[in-house]
Amino acid sequence: SVESLARLTTLPIIGEICHSRRAKDNPIVVSETSTRPIAELFRLLRSNLQFMFPVKGVENGQVAMITSSCSGEGKTFVSMNVAESLALLDKKVVLVGLDIRLPMLAQNLGLPSSPGVTNYLSGAIDDVNSLINHHSNCDIIVAGPVPPNPSELLLSDRTELLIKELKQRYDFVIIDSAPIGLVSDTFSLSKYSDVTL
């Protein structure tokens, strides 16, 4: 609970999202017209998130990375709905699937699983435009095929190139990363992130 977390840590708490059984049928619970309690919780999270971003110039997009301690805690669900809630503010938003070991973004949104980030990072694709899927109010870049060398791919120079290009194109870049308690991938990506949830 929020109370337990506040008692045991000094972490800033910017929101609490309740579990939703209906999310399996429709993983996007935020919409322009939704007034369900879970949609309101994401709006509150969005408002608090905006206060956490550092002040930057207009030409630089903001990057938020979303992680969890282990698989199954809902980080992809949260990533999708944070991206959607930001897009409802008439902002240009891209959600990037950078959990390249156990990608769920394409499956959850019913998108093709390839091409994706791993195709770009491996050098198989150079055109970022070919990675972008338009979905609802924001753009999505799925993880792509699971590679044999995920850690090495994420440490490549192409990761930085991708994030830099996306920051120039979008107001917000939301990264759905791997669970932080299981693999080192999220630590490799943290240098690109302005805020980590």
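Since we're looking at a predicted model, the values are computed, not measured. By convention here, each chain's residues receive numbers from 1 onward along its written sequence. Where totals are concerned, whole chains, interfaces and linings use all residues; where local detail is concerned, this predicted model gives features only for residues with pLDDT of at least 70, and gives and counts side-chain atom pairs only at 80 or more. Side-chain numbers come from the whole structure's heavy atoms, not from hydrogens or water.

Asks: Is there a simple way to explain the nonpolar core in this structure?
Replies: Considering soluble globular proteins, one finds that nonpolar side chains tend to be buried as a cluster. Counting 30 residues, the largest nonpolar core has Phe42, Val82, Val93, Ile140 and Ile174 as the members making the most contacts within it. Taken together, the elements giving at least two residues each to this core come down to α2 (37–52), β1 (62–66), α3 (75–87), β2 (93–97), α4 (105–109), β4 (138–141) and β5 (172–176). Runs of H or I in DSSP of at least four residues are treated as helices and runs of E of at least two as strands, each being numbered from the N terminus. For this core, the element with the most residues is α3, which contributes seven residues. With residues up to four places along the chain from it excluded, the contact list for Ile140 reads Leu95, Leu105, Leu109, Leu111, Leu131, Ile132, Asn133 and His135. Nonpolar core, defined: a set of buried Ala, Val, Leu, Ile, Met, Phe, Trp, Tyr and Cys residues in which side-chain atoms within 4.5 Å join the residues together. Here's how the labels work: a residue is buried when its accessible area is under 20% of the maximum for its type, exposed when over 50%, partly exposed in between, all with a 1.4 Å probe on protein chains only. Core analysis: the second largest hydrophobic core is formed by 25 residues, Val128, Ile132, Ala143 and Leu153 among them. Contacts: residue pairs with any heavy atoms within 4.5 Å of one another.

Asks: Help me out: how do you make sense of α2 in this one?
Replies: An α-helical segment advances 3.6 residues per turn. Residues three or four places apart therefore align on the same side. Expected helix span is computed as 1.5 Å times (number of residues minus one). Here α2 is 16 residues long and its end C-alpha atoms lie 23 Å apart, about the 22 Å a rise of 1.5 Å per residue gives. Turning to α2, its buried residues number three or more, namely Ile38, Ala39, Phe42, Arg43, Leu45, Arg46 and Leu49. Along the long axis of α2, the arc covered by the buried residues comes to 160°, so they all point the same way. α2 presents Pro37 and Phe51 as exposed residues on the side facing more than 90 degrees away from its buried surface. Here the buried face of α2 lies against α3 and β6 (195–196). Directions pointing from the helix axis toward each C-beta atom define the arc.

Asks: Would you explain a nonpolar patch on the surface in this entry?
Replies: Residues Leu5, Leu11 and Ile13 make up a contiguous nonpolar surface patch of about 250 Å² in total accessible area. On the secondary structure map, Leu11 appears in the loop between α1 (2–8) and α2. According to the relative accessible area criterion, Leu11 is exposed, its value standing at 53%. Residues forming no salt bridge and having over 30% relative accessible area are the ones grouped into patches, like charges within 9 Å of each other and nonpolar side chains (Val, Leu, Ile, Met, Phe, Trp, Tyr) within 5 Å. Shrake-Rupley sampling with a 1.4 Å probe provides the accessible areas, and residues are treated as covered by the protein chains on show and by no other component. Salt bridge, as used here: a side-chain nitrogen of Lys or Arg that lies within 4 Å of a carboxyl oxygen of Asp or Glu.

Asks: Would you mind going over the side chain of Asn81 with me for this structure?
Replies: Looking at the secondary structure, you find Asn81 in helix α3. For Asn81, a relative accessible area of 0% corresponds to the buried category. Pairing of N or O atoms within 3.5 Å defines a polar contact, subject to two protein rules: one partner must be a possible hydrogen donor and the other a possible acceptor, and residues neighboring in sequence count only if both atoms are side-chain atoms. Within polar-contact distance, the side chain of Asn81 engages the backbone nitrogen of Val29 at 2.7 Å. Not counting residues up to four positions away in its chain, the partners in contact with Asn81 are Pro27, Ile28, Val29, Val30 and Phe42.

Asks: Can you help me understand the pattern of salt bridges in this one?
Replies: When charged atoms on two side chains of opposite charge get close, those side chains can pair. One pass over the structure, following the stated rule, counts seven salt bridges. Asp185 is paired through a salt bridge with Arg101; the nearest N and O atoms lie 2.7 Å apart. A residue pair is termed long-range when its members are at least 10 positions apart, and Asp185 in helix α8 (residues 185–189) and Arg101 in the loop between β2 and α4 qualify at 84 residues. Linked through salt bridges whose partners overlap, the residues forming this network are Lys75, Asp99 and Asp176.

Asks: When you look at unusual backbone geometry in this model, what are you seeing that I'm missing?
Replies: Note: most peptide bonds trans; most residues except glycine with negative phi. Cis geometry marks the peptide bond from Ser114 to Pro115, where omega comes out at 0°. Counting through the fold element by element, Pro115 comes out in the loop between α4 and α5 (117–121). Although it is not a glycine, Ser136 adopts a positive phi angle of roughly 55°. With respect to the helices, strands and loops of the structure, Ser136 is situated in the loop between β3 (133–135) and β4.

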